[in-house]
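Each chain, letter by letter, is given below.
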Amino acid sequence: MQQRDNQNRLSQEYTNRVLLNGTLSTPRWWYPLVSVLLFFVVIGFILFGIQIKYGLGVTGLNRPVYWGLYITTFVFWVGISHAGIMISAILRITQAEWRRPVTRAAEILTIFSLATALVFPLIHAGRTWRIVYWLIPYDAARGIWPNIRSPLFMDPIAISTYLTGSTLFLFVALIPDLAVLRDRTTGFRKGFYTILALGWRGNPRQWKMQVVGGILLSALMLPIFVSVHSIVSWDFAVTPAVEGWHSTIFAPYFVIGAVHSGVSAVVTMMALMRWGWGWNDFIRPEHFDALARLLTVVATAWLGFTFLELLFALYGLDAPEIALREMQIFQYPWNLLFLTFLLTGYILPVPMWLFKRVRTNIALMFWSSILVNIGMWLERFLIIVPGLARKSPFVFTWEAYSPSWFEWYVLFWSFCWVTLLMLLFSRVFPLVPLFEQKESEVFSDSIKIGRATVPTIFREEEEEEED
Amino acid sequence: MVTEDKRSWGMVIDTDKCNGCSGCVTACQVENNIPLNDQNKFERGRVMSWIRIERYWEGEFPDVKARFIPILCQHCANAPCEPVCPVYATYHNDEGLNIQVYNRCVGTRYCANGCPYIVRFFNYWEPAWPEDLRNHLNPDVTIRSRGIMEKCSFCIQRIKRGSRKAKEENRELQDGEIKPACQEACSTNAIVFGDLNDPNSEVSKLSKSESDRKYTLMPQLNTDPNVVYLATIDPLKYKDLGEKAKSNEH
C-alpha cells in the first residue's frame, strides 16, 4: 500500500490502517498485559472488600494523621486529569496544530483518571456504604440536605461536572472516527458503531456542527479547568487548625501543579502509544518537542508558586508555621522526601528539556515525565501529611505516619486500574483521532527558508465555497 | 429563671486544682463506652479518650513543676469542625453543644483535621471489649461502629435525663443537678459544669470572680470555646515577688 502520496503526505488509507491497528486487530502484547492488570485490579477490589469489612485499621493512619495516602492519591489523580482540558480545550482554542495526535489520549486520560479520583473518597471514607447519603444531593427520607459549606461536598460536584463535560467532549470528537469504524466492521460491532456514530455521513453540515460543538465545549469547560483543582485545594485551605494547610495561594498553586503533572502524564502516555502500537509516523518527535516546551513554561510557573507558598508561610513569622516548615524541609525523613520532590519535580527534568536533543528523544522524554509525576505525587504528600503529623505546639499528640502495605497496594492498584481502562478503551475506539490526523496532513506543508526546510501549516478559508 | 432553649452548657476547669490523677479520664471511659486502650493502640497512635490530661513541665531544675491540663471537646461556639462535615454529622444545637450524630457520619475524618485541640477520635476497628466487661457497658450510650468519628458529648445522656426528670417533676433544672462523669469523678473539684447563660450558676460565678485567671485554649483561632480554664496560681512567681519585696525592704 502506498504510504505517502505525491506531495509527501501520509495517505489516508495508510492512516486508517495504522491507527486502527489496535482496534480492528489486537496487538500481540494486549491479552497478556490486560490479564496481568486485571489480576492486580481484582486483588485490589478484594482488599477493598476486606477494608470495608474490618475497618480502616488496615491503613497506617492514626490520630492526628487522619488523612494519608488515599487523599494524596486522590489529589494526584485529579491533577492528572487536568491534561485533557489543557491539551484539548486550550490548545484547540489557540489553534496549536501540534495538539492533534495527542488530544484523544489526553481526553481519555482525563476521563479515566477522574473516574479513579472519584473512587478514592469512597476508599478513604470510614463508612463507604453510607456515602450515598453524601453524594446523592437530596435525602428525602431524612429531609436533610448535604452541607454545601463543606469543600468535601463540592469535590464530587466539581469532579462529576468535569467528568460529564469531558465525556461529551470526547464523544463529539469521536463521532467521525466511529463512522470510519462503522464502515470497516461487520456483525455486532457494526451495529454498536452505527448507533454511536449517530448517522455521520461526513457532509459539510455535519462537519461544521462537529467543529462548532467542539469549540463550544472547549469554551464551556475552561471555567472547570480553574474550578476543579481549586475546590480540591480548598479541602486543605479552609482548615485553620493545620499548619501548612491554611494558605490562600493553594487554589492557583494546585491548578498549575495539576497542569504540570497532567501534561507530563500525557508525554508518558504518548511514548507508550508510540512503542506499543508503532505509531511512529503519527506521534512524532516534534510533538514531544512542543509538549516539552509547554512543560518548561508550566513547570517554571509552578516552581514560582512553590516558593511563593513557602514565602507566604514564613512571611507571617508564625512560630508553629516556621516549626512545621523546618520539619518539612530539614528533618528526617521529610527532608529526603522534600529533596526528591524538588529534584524530580523540577531540578532534574526541566534543565534537560532545554536541549532539543532531549526534547526529541522519546526515551528521555518518557523517563523525565515519569520523574515529574513522582515529584508531583510527593508534593501532595508533603503538603498533606507533615501538617497533620505536627499539628500544633499546644497539643502534645504528634504522630508520624507510615502508610501500611495496604495503602501502597491501593496506590499501585490505581495505576493498574487506569492502564486497564485505557487498554480496554483502545480495543474499542482509536486512541489517535483519525480525522484530526488527516486534516493536519492536508494543512501541513513545508517551505524552504534558505537551505532549511521548515514544516508549516496552511489554513485556507475555503469551507464556505464547499457548502 | 432560664428557659430550656436558652441554655448554653459550659465548663470551668481550674488547672490550679488539677493534680493530674486521671480520675476524669477513667470515669469518662466507663460512662461513655469507650473501648479499652491496649498497647497496640498506643503503639499505632490510635488511643481514644474523650478527655485526656496533658502534662508538661515548667521552670528549670530544681525549681521545676509538673502542670496538668485536662483537654476535652471545647464545644466551640464557632467550631471549625462543623462547617467542613459534608453530611451535617456534627452540628451545633440550641443548648450550645457541639453534637456528633453517629448515624449520619460517613467517616471522612475531615472534622478531625479541622479540630485544633485534636479531641475527635476515629473508630479504626469495630470496638471490642473482653467478655467479662461486656455487661458493664452503659445502656444509655450508643456503641460506635467502625468508620465513624466520636468525641466528648458533655455526657449528653445525663443532660437529657436531668432535663427530663425536672420536666416530669414540673420544676426548673437546678444548677449542679447535672454532672458529667468527669466532674463527678474529680477528687479536687477542678471541673465545674453548668449553664453559662444563667448568671447564678457556679460556672458563671467562677468565670466572673476568677476573671483574672480565666483563659480559653488557642484564642488566636477564634473558636470561642465553651470550656473555660482558670490559670495555675504560680508559686514560683510569688516566691520571686516575695524575694523582690524582701530586697526592696533592705
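Please read all numbers here as calculations on a predicted model, not as lab measurements. (Residues numbered from 1 in each chain as written. Chains lettered and ligands numbered in written order. Predicted model: local features only at pLDDT ≥ 70, side-chain atom pairs only at ≥ 80, totals over all residues.)

Novice: What is the right way to look at the overall build of chain A in this model?
Specialist: The number of helices and strands found in chain A is 19 helices and two strands. Expected size for 467 residues packed as a compact globule is a radius of gyration near 23 Å; at 24 Å, chain A falls within 12% of this value. Seen through its principal axes, chain A has C-alpha atoms that stretch 75 × 60 × 45 Å. The proportion of buried residues among the 467 residues of chain A is 44%. (Helix = DSSP H or I, 4+ residues; strand = E, 2+ residues; numbered from the N terminus. Rg over C-alpha atoms; globule rule 2.2 N^0.38 Å. Buried ≥ 20, exposed ≤ 12 C-beta atoms within 10 Å, placed from the backbone.)

Novice: Help me out: how do you make sense of the packing of helix H12 (residues 319–330) of chain A against helix H13 (residues 334–347) of chain A in this one?
Specialist: Geometrically, a packed helix pair is captured by the angle between its two axes and the distance between the axes. All names here are of chain A. Relative to each other, H12 and H13 sit at 70°, their axes nearing to 5 Å. Here H12 is positioned roughly perpendicular relative to H13, judged by the angle of their axes. Contacts between H12 and H13 pair Met 327, Gln 328, Ile 329 and Phe 330 from the former with Trp 334, Asn 335 and Phe 338 from the latter. Here the residues of the contact of H12 with H13 are counted per class, giving five nonpolar, two polar and no charged. (Axes fitted to C-alpha atoms, helices over the stretch in contact; angles between N-to-C directions. Parallel < 35°, antiparallel > 145°, perpendicular 65-115°, else oblique. Contact = placed C-beta atoms within 7 Å. Nonpolar A, V, L, I, M, F, W, Y, C, P; charged D, E, K, R; others polar.)

Novice: Please clarify how the interface of chain A and chain B should be interpreted in this entry.
Specialist: The parts lose accessible area when they come together, and the size of an interface is often stated as this lost area. On the chain B side, the residues contacting the 36 residues of chain A number 36 residues. Only helix H6 (132–135) and helix H7 (151–182) of chain A provide two or more residues apiece to the side of chain A that touches chain B. Residues belonging to the side of chain A that touches chain B are distributed by class as follows: 21 nonpolar, nine polar and six charged.

Novice: Mind showing me how you'd approach helix H18 (residues 434–443) of chain A here?
Specialist: Structurally, the α-helix is built with 3.6 residues per turn, so residues lying three or four positions apart point the same way. Listing the buried residues of H18(A) in full gives A:Leu434, A:Phe435, A:Glu436, A:Gln437 and A:Lys438. Of the surrounding elements, those touching the buried residues of H18(A) are helix H1 (12–19), helix H5 (103–124) and H7 of chain A.

Novice: What is the right way to look at the sheet that holds strand E9 (residues 214–215) of chain B in this model?
Specialist: Paired through backbone hydrogen bonds, the strands of a sheet run either parallel or antiparallel to each other. All names here are of chain B. Pairing in this open sheet of four strands is mixed, and the strands run E8-E1-E10-E9 from one edge to the other. The open sheet has two edge strands, strand E8 (191–195) and E9, and neither has a second partner. In the sheet, strand E1 (residues 9–14) pairs with strand E10 (residues 227–230) via four bridges, with the strands oriented parallel. Within E10, the position partnered with Ile 13 by the bridge is Tyr 229. (Pairing = 2+ DSSP bridges.)

Novice: What am I meant to see in the confidence of the model for chain A here?
Specialist: Caution is warranted with low-pLDDT regions, since their predicted coordinates should not be read in detail. Of the residues in chain A, 92% have a pLDDT of 70 or more, and the chain-wide mean is 87. The secondary-structure element of chain A with the lowest mean pLDDT is helix H19 (residues 463–466) of chain A, recorded at 49, while helix H2 (residues 30–54) of chain A shows the highest, at 95. (pLDDT = per-residue confidence, 0-100.)

Novice: Explain the pairing of strand E2 (residues 52–58) of chain B to me, please; I cannot follow it from the model alone.
Specialist: Remark: a regular strand shows side chains that alternate across the two faces of the sheet. Residue and element names in this part refer to chain B. Strand direction decides the pairing type here: E2 and strand E3 (residues 65–71), joined by seven bridges, are antiparallel. Bridging across to E3, Glu 54 finds its partner in Ile 69. Hairpin geometry of E2 and E3 is characterised by an intervening segment of six residues between the two adjacent antiparallel strands and by a positive phi of about 85° at Gly 59.

Novice: It is not clear to me how H2(A) should be interpreted in this structure. Could you clarify?
Specialist: Compared with an ideal rise of 1.5 Å per residue, which puts 25 residues at 36 Å, H2(A) spans 36 Å between its outermost C-alpha atoms and is within 8% of the ideal. Positioned one or two residues after H2(A), A:Gly55 has a phi angle of 110°, which is positive. (Expected span 1.5 Å × (residues − 1).)

Novice: Can you walk me through unusual backbone geometry in this structure?
Specialist: Glycine aside, the phi torsion of most residues is negative, and most peptide linkages are trans. Omega for the peptide link from A:Arg63 to A:Pro64 comes to 10°, which places this bond in the cis form. Along the chain, A:Pro64 falls in the loop between H2 and helix H3 (69–80). Of note, the amide linkage connecting A:Tyr332 to A:Pro333 takes the cis form, showing an omega dihedral of 0°. Here A:Pro333 is to be found in the loop between H12 and H13. We note that B:Ser22 has phi near 65°; this positive angle belongs to a residue other than glycine. Secondary-structure assignment places B:Ser22 in the loop between E1 and helix H1 (23–31). Look at B:Ser22 and you get partly exposed, because 17 C-beta atoms sit within 10 Å. You will see that B:Cys155, though not glycine, has its phi angle at about 50°, which is positive. If you trace the backbone, B:Cys155 turns up in the loop between strand E7 (149–150) and helix H4 (156–168).

Novice: Would you explain the nonpolar core in this entry?
Specialist: Burial of nonpolar side chains together is a common tendency in soluble globular proteins. All names here are of chain A. Membership of the largest hydrophobic core comes to 171 residues, with the highest contact counts inside it found for Ala 105, Leu 109, Val 263, Val 266 and Met 270. No other element matches helix H10 (residues 250–277), which puts 16 residues into this core. Dropping the residues within four chain positions of it, Met 270 is found in contact with Val 102, Ala 105, Ile 283, His 287 and Phe 288. (Core = buried A, V, L, I, M, F, W, Y, C linked by C-beta atoms within 7 Å.)

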